[in-house]
Each structure stands twice: as structure tokens, then as C-alpha cells.
Amino acid sequence: MTTVASEGIRKELAELGRAHPGLASGKDNLFVLWFLKAYVAGEADNNIAASVVGASKDGGFDAIYIDSGARIVHLVQGKYRASFGSKAEPPSDIDRFVMDSESLYSGDSSRLNDLLDRVNPTTREKLRYARNRLVSHDYQPRLYYLTTGKVSADKRRRFGRSTRSRILEIIDATDLARIYRDYADGIAPPIPVTSLAIEPSSPTIIERPDAKSKIRSWIFPAEIRSVATLYKQCGTRLFAKNIRGYLGESKINKEMSKTLTKHSSRFFYLNNGITIICSRAEYIKGDTSALQMWDAQVINGQQTVRTIAEHSTTSEAAVLVKVMQVPEFDYPGFVSEVVGATNFQNAIKASDLYANDAEQIRIQRELHKLGYQYIRKRQSKSEARREGGQNAKQVKREELAQAVGACALDPREVRSGVEHLFEAHYKTIFNGAEAHLYLVKWWLRRAATSQARGNANNGYAKWLAVSAMWGHLEKILNTRERRRAFVGECPSQDSRSWNALCRAFDKLYIVAYQFYQAAKKKRPAQEQLDISRFYRDSKDLHVQFERHWRSSANKQRSQFKKQTALISKELRRLVE
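Read on for an overview of the structure. (Residues numbered from 1 in each chain as written. Predicted model: local features only at pLDDT ≥ 70, side-chain atom pairs only at ≥ 80, totals over all residues. Heavy atoms only, no water.)

### Some thoughts on the pattern of salt bridges
- Using the criterion set out here, one finds 25 salt bridges in the structure.
- Arg81 is the salt-bridge partner of Glu89, the closest N and O atoms lying 2.8 Å from each other.
- For Glu89, a relative accessible area of 0% translates into the label buried.
- A single salt-bridge network, built from bridges that share partners, covers Arg96, Asp100, Asp114 and Arg118. (Salt bridge = Lys/Arg side-chain N within 4 Å of Asp/Glu carboxyl O. Buried < 20%, exposed > 50% of the residue type's maximum accessible area, 1.4 Å probe, protein only.)

### What about the sheet that holds strand β4 (residues 168–171)?
- Read across the sheet, four strands follow the order β1-β2-β3-β4 without closing on themselves; strand pairing throughout is mixed. If you trace the sheet from one side to the other, it starts and ends with β1 (63–67) and β4, each paired once. Averaged over all pairs of adjacent strands, the angle between strand axes in this sheet comes to 20°, irrespective of strand direction.
- Inspection of the sheet shows strand β3 (residues 140–147) paired to β4 by four bridges, in the parallel sense. The residue of β4 that forms the bridge with Leu146 is Ile171. (Pairing = 2+ DSSP bridges. Helix = DSSP H or I, 4+ residues; strand = E, 2+ residues; numbered from the N terminus. Axes fitted to C-alpha atoms, helices over the stretch in contact; angles between N-to-C directions.)

### Quick notes on the sheet that holds strand β9 (residues 280–284)
- The three strands lie next to each other as β5-β10-β9, forming an open sheet whose pairing is antiparallel. With one partner strand each, in any of the chains shown, β5 (194–197) and β9 form the two edges of the open sheet. Within this sheet the neighbouring strands show an average axis-to-axis angle of 20°, counted without direction.
- Inspection of the sheet shows β5 paired to strand β10 (residues 290–294) by four bridges, in the antiparallel sense. When the bridges of β10 are listed, Ser195 appears paired with Gln292.
- Running at roughly 165° to β5, helix α8 (residues 224–234) makes contact with β5 and β10 of the sheet. (Contact = heavy atoms within 4.5 Å.)

### Quick word on the pairing of strand β14 (residues 393–396)
- As defined by bridge partners, strand β13 (residues 372–375) adjoins β14 across four bridges and the pair is classed as parallel. Considered in β14, the bridge of Tyr374 is made with Val395.
- After leaving β13, the chain enters helix α14 (residues 381–388) and then returns to the sheet as β14, a path that is right-handed. (Right-handed = clockwise from strand over helix to strand, strands pointing away.)

### Looking at the side chain of Gln297
- If you trace the backbone, Gln297 turns up in strand β11 (residues 297–300).
- Residue classification places Gln297 among the buried positions, given a relative accessible area of 1%.
- In terms of polar contacts, Gln297 uses its side chain to reach the backbone carbonyl oxygen of Arg237, at 2.8 Å.
- Sequence-distant contacts of Gln297, defined by excluding residues within four places in its chain, comprise Ile187, Ile191, Arg237, Leu238, Phe239, Ala240, Lys241, Thr275, Ile276 and Ile277. (Polar contact = N/O pair within 3.5 Å; in protein donor to acceptor, adjacent residues only side chain to side chain.)

Structure follows, in C-alpha cells:
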């Protein structure tokens, strides 16, 4: 197992321990909870922690997770070993877990009663409910024997030959490295094994093995109904490594829809096709030939796949597909290179190329925990709302870049445009800060925008105002508790802190305009100083503004301090 994966999992468990102190007494429970989020249910289910039941006399069941939508009962036994990949797990432990699980859906009541007699009351209640779902409601069982230790290939083969292999999955440290990689890339739960049907009229497919790179490629025309099925099986997880979301009714997407509806036989010739990467692929030849894929990701052609999914009844259409099986050691770098090189049918922005950066994924995950939807990929408004729900507060990557950039850089850099921030200052802006610090700056941007609305002069000065405000509030917001309290106050825009912040911005805007007027007076009479160009082109304007702020010309300073003092007082009250 890689050090990146083992350290990453340890960090996830530490964070889960802080979020779920009731489970923090045992690493097995936190490990199983992370596994459920990363591999079984995804991160959308906020009640998943209630499925973790590991305790004294739990009968070997560390989690009982019931997915009513899929009609599946997931049973998990987890073994967290401090040393990843070292301890070999005895097959007797796996045997016992499987046999106890079987008693829940077999007809042997004595085995069931024996199990229920030796477990604690909480586990007993959950097992009875699971039994009811399995027997009376035709739910299917899924068993996971999970360990950070290792299970030998011989032991895996032994269980693989039994009928239990259909419902039992053994996951050890080697498998966890792959699961963590997908989780870190924003793919949770992972993509199941999928396949694409090859157009029947095509006699063969092109297969290209590359002995040097170890990459294996296939090119073939796929039935579009098969492509639509692939999307229905996997949903938007299929595009986790794509640099954009679905763009909705763009001009190109409308043209694709028109072709599929009116001239479907021409679709193969007019479309650039779909590019898929996977960890493994197999060509299955038969009456209906297909390419089977493991861990499939569409890295080019998302707009095509989504448009096809809306027109999947068009039987005569086909689309060109290229599939690449990429070895583990070269996976991250190669995927990034291909994504950047192939996504040009819809125009690419500099910010698009950072959509799958590890920091962007981390921000999305951290903000989700706080009730915010971080939109790290360019996509349509309806697509973003569908993914985040109606109540999530949306934070766009462009907004966050502007907000943090205004606090960290010369404000004129922000006025140079969002794409400039991503091209020239990405690492400075997205520097691994805690989620609440990012949100503080984002809320400063929101307040500055609110108070500038309807006044063009204030709009030109907005980034200078955000920079100045952060300079005054940074010391007030110098602890995590205060930042958390501030972020908690801002959504309620009738709160004392928010109102004081808005009044403070009003004072800043008054001084900013006076600052511009003072600079204008210093110019020769014949030389005009346009206010827009003044804020856009002047270097180190924030430094000059700070000198003006401290000067006797500033008559708003005392009123501004009164508002920031109110913010400080309110935050102290909230955290004490």
C-alpha cells in the first residue's frame, strides 16, 4: 500500500473522530465509517454513521447499512491494523463472518437465534431489521470483509470458488490503495464493472498494445443505447476526472441533439467521439460483442454522453469510442495530460484545467460538510442545483479565487480577470487553508458585492475594499473558533455581525472614492484619470490606500472602527 494512501486514510479517520466523537473510542468504527462513505454509500448520506455498530458483543458486525433504494443490506466486518499491509488475516475469521451473515437470510432459525443471543441489544435490533428486509422484502445481501492487513491470493481464490463469492468482497490494504485514490479524486462510491456494446455491423475493433508504456487501447463504434445505459448505471461519477460538468443547452449540445433526432445515421461522422480511461478492460466477442471495463472514467466526451442519454431510443446511431487501459503507476499524470489535450470541442478555460486538482476536491469535500456546495467544474445552473440540492449555499470556484486573491494579492491582479488568477496565482490562492478561512474571505466578497450594488464607483473599488477589510479583520478572526462563529453568522443576514460588516464596507467605499479623488487632483489638469483604469492599472494600490486610510484626510476611520469593534464583541460572545 502506498504511503499516500495510508497517510490519507489516517487523516480521514482523525477528521471523522472529531466529527463523530461517539465513534472515536475505536479505530475500527472510524475505519468502517470511512469505508462506507468511500466505497458503499458515498458522502451524500448524512445518517450513515448510525449504521456503524461496532462494540462489545457485536457478533463481528461492525456496520449494518441498509440501502432501501437499491434494496441491498450491506454487512461489514472491519479490522484496522496500525501497520498497513503487514498482518495476514486468518481465513477462520472470514469463515465465521460469512456463516453468521448467512444465518440472517437462511431458513435455519436455530442459527439465527444463536447469533441473536450472543450480541448486544443495539446490534440485535439492527440484525432483526436486516433479517426482515432480506427475508420478507427480498433485499439482497452484500458482505465486506475489510482490513488494513493482507489476505493472500490463495485465500481469495478459496473464497472465490465458493457460491459465497457472489455476495462476499474481501478488501485488504492493496485494495484500499485503489479505493483511496478514487475517493481522493472525488469518485465515491467507485464505478462498478461496466461494458459498451460494439455496433453489430462492425466486423472487428482496433486493439493497440504499447509494450513501452504498458497502455492498452481499443477503438470501436459503440451503440448509443449502450452508451446511455453506461450513464444510467454510473451517473455523474462517470465524469469525476473530466474537467467540466454538463454545460446544458450549449450551442454544440443543441446541434448534437438535432443530429440525433433528425439525422441519427450521420452522428458517427459529425461527432468527435468519447475517450474513456480504465484500470482494466477485456474484449468479449460473441453474438453481441462488447468491451468490459473496470473503473471507467469518461475524460473527453461528457457532453456527448449526456446528450446521447436523452436520445437513447435512436437505434441506428453509433458513436466512436476510444478506451485506454492505464497502468497504476502512470495513472494520475497520464490522465491529467490526456484530459488537458483532448477537451477542446467546447472551449477550455485555464480554470477548467484545475477542476480536478487535489485541493479543489478537498475544498469541495470540506465545504460540503459545512452545508456549502463548492462548484469546482464549469456546468449549467440546473446541473449544479441538481447535484447540490435546493438548500445548499453555492460557492463557485471563480468567486472563491477572487475573494482569496483580493486578500492575498495586489487588488489589480483580481481586476485582471479570473482566468489570470488561475494561470498566474493558483498556488498562492488555493494553498491548503482550512475551510472556514476560505469561507470567511468568500463572505467578505459577498458583503462587498452587496454594498457596491447600484453604485458603479463602488464596483470599481470592490477588490480594494475586500483587501482593506481583510487587513482590519485578520487579527479579529485569528482563531478557528472565531472564524467558525463568523461564518455561522453570515448566512443570517440580519445578524449583528453581518450588519456591522456591511456598514463597515460602506465606510470603506466612501474613503475609497475620496482616495481616487485625491489621486485625480494630483494629476495635471489636462490629464484625465478614469476611475475604472485607476483601480485596474495602478500598482500597489492597497499599499497607497493604507497610507491614505491612516491620514488626517480620512474622516470615516472612527465610525469604521466602531463597526469592526461590534464584530469583535459579537464573536467573543459567541465563542465564550
